[in-house]
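Working through the structure, step by step
Residue-level listing of the chains:
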Amino acid sequence: MSQVLTTPPAVGAPRPWKFPEAVTTRTSVGAPVHVFDRPGQYVATVRVTIAMPLIAEPRELEGVATIMSRTLDEGTELHSANEFAAALERHGAAYGVDVSSDALHVEISVPVSHLAPAVELLAEAITRPAFNQADVGRHVTIRLGEINQERANAGYRAREAFAAHLFDASTRRSRPTAGRPDTIRPLTNVEVADFYRNNIGPERAEILFAGDATGVDVAGIIDAAFSNWTSSAGTALETPEPIYLPGNRVVLVDRPGSVQSQLLIGCAGPDRRDPAWGAAAVANHVVGGTITSRVDTVLREEKGYTYGTRTSFAAPRKGGTFSLGGAVRTEVTGAAIGDALRILREARDGLTEQEVQEAKDSLIRTAPLRYEQADSVAQQVGSNIANGVPVDFADTYLTKIAATTAAEATDAYRRYVDTDGLLVVVVGEAKDVRPQLESLDLGDLIELS
Amino acid sequence: MPLTYPIAEQTLDNGLRVVVSSDRAVPIVAVNLWYDVGSRHEPPGLTGFAHLFEHLMFQGSRNVASGQHFSLLETAGASLNASTFFDRTNYFESLPSGGLDLALWLEADRMGYLLDAVNQENLDNQRDVVKEEKRQSYDNRPYGDSYERLVRLAFPEGHPYAHMTIGSMADLDAASVEDVHAFFRKYYGPNNAVLTIVGDVSTDDAFDAAKRYFGHLPAIPTPPPAPDGTIGPMTGVERDDVESDVPSDLITMMFRLPVDGTPELDAAGLALDILAAGQSGRLNRRLVRDEQIAQSVSGGALPLIGGVSFGTLTGIASDGIDLQKVEDALLEEIEKLAADGVTSEELATVQAQAERDWLEQLATCAGRADEISHYALLFGDANRINTRIDQVQAVTVEQVQAAAQKWIRAEGRVQVTYRRSESGDQE
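First things first, this report covers the structure right here in the doc. (Residues numbered from 1 in each chain as written. Chains lettered and ligands numbered in written order. Predicted model: local features only at pLDDT ≥ 70, side-chain atom pairs only at ≥ 80, totals over all residues.)

Details of the interface of chain A and chain B
Counting from both sides, the interface comprises 67 residues of chain A and, opposite them, 61 residues of chain B. Contributing elements (two or more residues each) for the side of chain A that touches chain B: helix 2 (81-90), strand 5 (103-111), helix 4 (133-152), helix 10 (294-302), strand 9 (306-314), strand 10 (320-329), helix 12 (353-365) and helix 13 (367-370) of chain A. Looking at the side of chain A that touches chain B, the element that brings in the most residues is helix 4 of chain A, giving 9 residues. Class assignment of the residues belonging to the side of chain A that touches chain B gives a composition of 29 nonpolar, 26 polar and 12 charged. (Contact = placed C-beta atoms within 7 Å. Helix = DSSP H or I, 4+ residues; strand = E, 2+ residues; numbered from the N terminus. Nonpolar A, V, L, I, M, F, W, Y, C, P; charged D, E, K, R; others polar.)

Laid out in structure tokens, this is it:
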């Protein structure tokens, strides 16, 4: 018979864990192929990551990379858009593309039993797109509709305003990845095909497989599918360093009818080249990375201002950001920002040994969960490639975290947060929020509609 | 062919059903509890209570301080959360296997002794947090109240599925600490739950640990069953037309569907998939690709256990296109499917998609544990996770057409439309 235990039972030491290892080969056209054999993962992800820095887009046609990416599968030299989708989905596959500031990812997830025919279709989309004007025009229209949806979304509006006011206008990331109406409208299949020709090719690509490879010649299947890929696009341009705008400032985006204020508060942050990248992650975990962090302990659990906020250090290939994001009740917007800024600033005075140890334990011990599914391995490796770090970067990162002291975590945080000022973005009912912001006296207030 | 995930099951003396699926290939373990209480159990005046507990369950219990549930598990490397649905509530964590005892102890302490820690202060605080959740997830986003409007039309007043899990803020405001305590005492006990353990632990050790931490908890009086929601297909059309400041005009139709666990529900779900799933679905081909009257279409079935399920179809009109055109096209496709049926190729495609979805769901210990709890609690048969794909594959084109003819019809639906207000003003 069991008894009531009044104190928590001890936690046994975790089994040692390393990021899954890849077998790396090359296709006959030169693209590296990384195969992550994950026994028991019956749905595989095949991901093609292609270096595609957005600075390659002409300024007046921003979004062309996105429209190009979205129309790869909308008709190929061999299949119409409807035929292609039917063929792929008949194999149980799902297809997707993702455009970031540095790379294009094109991928399928598919039961391993249907791998070969699905990879052939993936290769067909990447290497033989048709770019018919009817399909490109349709995607331009869809993108314009999507912009309307984005404008109605408080979270999106906050991210857009944050980028526009954190980065100098000469930095591509100050503007939306997928373009704006005036840069999208002029696009036809001519610009899209040009962009494809100049920017997509095997010299810029790496191909990943993650899944149960038992008895399957994965590298052979991938090589066969991509063997005819030729392109005059050489290697990609290097992404330039971003230029940040310093100083304290407040941007209020009026969103009439809002019942909450969407907040995004932040500044410049490190990227993965910075030796303090791991220490910064530890500091973030303490300050605002979880529900038990300093920020939510006050904003959610003590005050009930919010369903939840989170902070993060995030970075693409070059130049990172620190930010605190979340939604708070309109009436307490000023109070919530005041509390948040106080907590962010007080963290500069030092994170405790206990806080840092708990953050390190959490970050290190959750790693096997994060990469349990084949698809999450492919996602991580694809972003490693896009970010210019080794495919097994997770191991380096975790080693750095394990070695981080409380002083180092505090230092990493102090180097960025509130050093050159903080940008405060608020998306909400301006007439109710403005007086609350003015009384906080946070610097110049810019109001947008 | 069935899948081969191992399933072992025992029931403790206090009625707790424990299911174990050992998997030594990974260094982690998933713990998953389904309580047989969801929004369908909530009587009038107490809506939102099952979900409120999803919050209170993290505020401490007899031997656990407020916030400690999260901090102890996070430090042990856990990913954890909870969810509330029409049919049940679910509490879960995955973590390195050395933390199994900790996870079970925490779950047992709040199953047995939560009320020691539920007081006016944390009730008030979590009520505020729930209100912010509702503002964030429903009120502050375009179309955020569409499901609330649809279930109100699709089911009669007082029907177990006629209100959403978030509930009414007026009900929550009116709740006293004693109301909250009474709700807990009624539904939260070992004999009204399933505990599933999946991952890096032997079957015997898992059962021993379950007994060690849960064995002493007393059973509760058998909770009252949820009201019977059995109801047939819709027999008319009900509309809710909203004019507001939305970015694009949108229509969502809702249909009642057969109860979960039946071939008829699988067939109806596949019919909706043939219409709305993926890029090759009929609606995407016609409305988005060919006629370009819609920016996007979506839809599918939501399986439910209480006598009836429901399914939806949604279309967002292209800019400058009258939403009526989208509605007309949706209805035409619905009637065409009912009249002419589906091809074997179309059915094979959505079955292949369902197979991938299912394999992905089972690809993590957490996902497997969740489905085991699901089938053990609602169907008394955890092994259904291994035969689920076969059940879906067994559905025939005749069954799809028959289910669609009965349940998915133009003349048996409810719908909500959102149109941009002419003036551009807010509601």
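And the narrative resumes.
Considering the sheet that holds strand 4 (residues 94-99) of chain A
The pairing of strands in a sheet comes from backbone hydrogen bonds and takes either a parallel or an antiparallel form. Residues and elements named next belong to chain A. Pairing is mixed in the open sheet, where 6 strands are placed in the order 1-2-6-3-5-4. Edge strands, defined here as strands with exactly one partner in the open sheet, are strand 1 (23-26) and strand 4. Taken over all neighbouring pairs, the strand axes of this sheet differ in orientation by 15° on average, direction set aside. Most of the contacts of helix 14 (residues 374-386) go to strand 3 (residues 43-51), to which it runs at about 10°, and overall it touches strand 2 (32-37), strand 3, strand 5 and strand 6 (205-211). (Pairing = 2+ DSSP bridges. Axes fitted to C-alpha atoms, helices over the stretch in contact; angles between N-to-C directions.)

So, the environment of A268 of chain A
Residue and element names in this part refer to chain A. Tracing the chain through its elements places A268 in strand 8 (residues 260-269). Through-space distance from the C-alpha of A268 to that of F162 is 11 Å; in sequence the pair is 106 residues apart. In this view, A268 contacts Y244, T321, Y416 and D420; residues no more than four positions away in its chain are not counted.

Observations regarding the packing of helix 12 (residues 344-361) of chain B against helix 14 (residues 384-393) of chain B
Residue and element names in this part refer to chain B. Closest axis-to-axis distance for the helix 12/helix 14 pair is 10 Å, and the angle between their directions is 170°. By the angle between their directions, the pair helix 12 and helix 14 is classed as roughly antiparallel. Between helix 12 and helix 14, the contacting residues are Q351, A354, E355 and W358 on the first element and R388, I389, V392 and Q393 on the second. Of the residues contributing to the contact of helix 12 with helix 14, the split by class is 4 nonpolar, 2 polar and 2 charged. (Parallel < 35°, antiparallel > 145°, perpendicular 65-115°, else oblique.)

Some details on the nonpolar core
Residue and element names in this part refer to chain B. Formed by 269 residues in total, the largest nonpolar core has its most connected members in A268 and A271. If you tally residues by element for this core, the top one is helix 9 (residues 263-276), at 9 residues. Setting aside chain neighbours within four positions, we find A271 in contact with L337, V400, A403, A404 and I408. (Core = buried A, V, L, I, M, F, W, Y, C linked by C-beta atoms within 7 Å. Buried ≥ 20, exposed ≤ 12 C-beta atoms within 10 Å, placed from the backbone.)

Here's the deal with unusual backbone geometry
Notably, D418 of chain A is not glycine yet its phi reads approximately 70°, a positive angle. With respect to the element layout, D418 of chain A can be found in the loop between helix 16 (406-416) and strand 11 (423-428). In this structure D418 of chain A comes out as partly exposed when scored by C-beta crowding, with 16 C-beta atoms within 10 Å. Even without glycine at this site, Q292 of chain B takes up a positive phi of about 55°. With respect to the helices, strands and loops of the structure, Q292 of chain B is situated in the loop between helix 10 (282-290) and strand 9 (294-302).

Comments concerning helix 17 (residues 430-440) of chain A
Residues and elements named next belong to chain A. Three or more residues of helix 17 are buried, namely V433, Q436 and L437. Each buried residue of helix 17 sits inside an arc of 100° when the element is viewed along its axis, so together they form one side. Residues of helix 17 that are exposed and angled more than 90 degrees away from the buried face: K431, P435 and S439. Contacts made by the buried residues of helix 17 are with strand 7 (249-254), strand 8, helix 11 (333-346), strand 11 and strand 12 (444-448). Positive phi appears at D441, one or two residues downstream of helix 17, with a value of about 55°. (Arc of directions from axis to C-beta.)

Looking at the packing of helix 1 (residues 49-56) of chain B against helix 4 (residues 120-139) of chain B
All names here are of chain B. For the pair helix 1 and helix 4, the least separation of the axes is 10 Å and the interaxial angle reads 110°. It follows that helix 1 is roughly perpendicular to helix 4 by the angle criterion. As helix 1 runs across helix 4, the sense of the crossing is right-handed. From helix 1, L52, H55 and L56 reach across to helix 4, where they touch N122, Q126, V129 and V130. (Left-handed = near helix turned anticlockwise from the far one by under 90°.)

Some remarks on the pairing of strand 10 of chain A
Residue and element names in this part refer to chain A. Among the 10 residues of strand 10, 10 are classified as buried, and the element is accordingly described as predominantly covered. As judged from the 10 bridges shared by strand 8 and strand 10, these two strands associate in the antiparallel manner. Within the sheet, the bridge partner assigned to Q260 lies in strand 10 and is R329. Here strand 9 runs beside strand 10; their pairing, made up of 7 bridges, is antiparallel. Counterpart to S312 in the pairing with strand 10 is S323. In this antiparallel pair of consecutive strands, strand 9 and strand 10, the connection spans 5 residues, and G319 shows a positive phi of 85°.

Quick word on the sheet that holds strand 10 (residues 309-317) of chain B
Residues and elements named next belong to chain B. Taken in spatial order, the 5 strands of this open sheet run 7-11-8-10-9, and their pairing is mixed. Only two strands of the sheet have a single partner each, and these edge strands are strand 7 (237-244) and strand 9. Neighbouring strand axes in the sheet, compared pairwise and without regard to direction, differ in orientation by 10° on average. Across 8 bridges, the pairing between strand 8 (residues 250-257) and strand 10 is antiparallel. Following the sheet pairing, L257 is matched in strand 10 by S309. This element, helix 5 (residues 146-154), spans strand 7, strand 8, strand 10 and strand 11 (413-420) of the sheet and lies at about 145° to strand 11.

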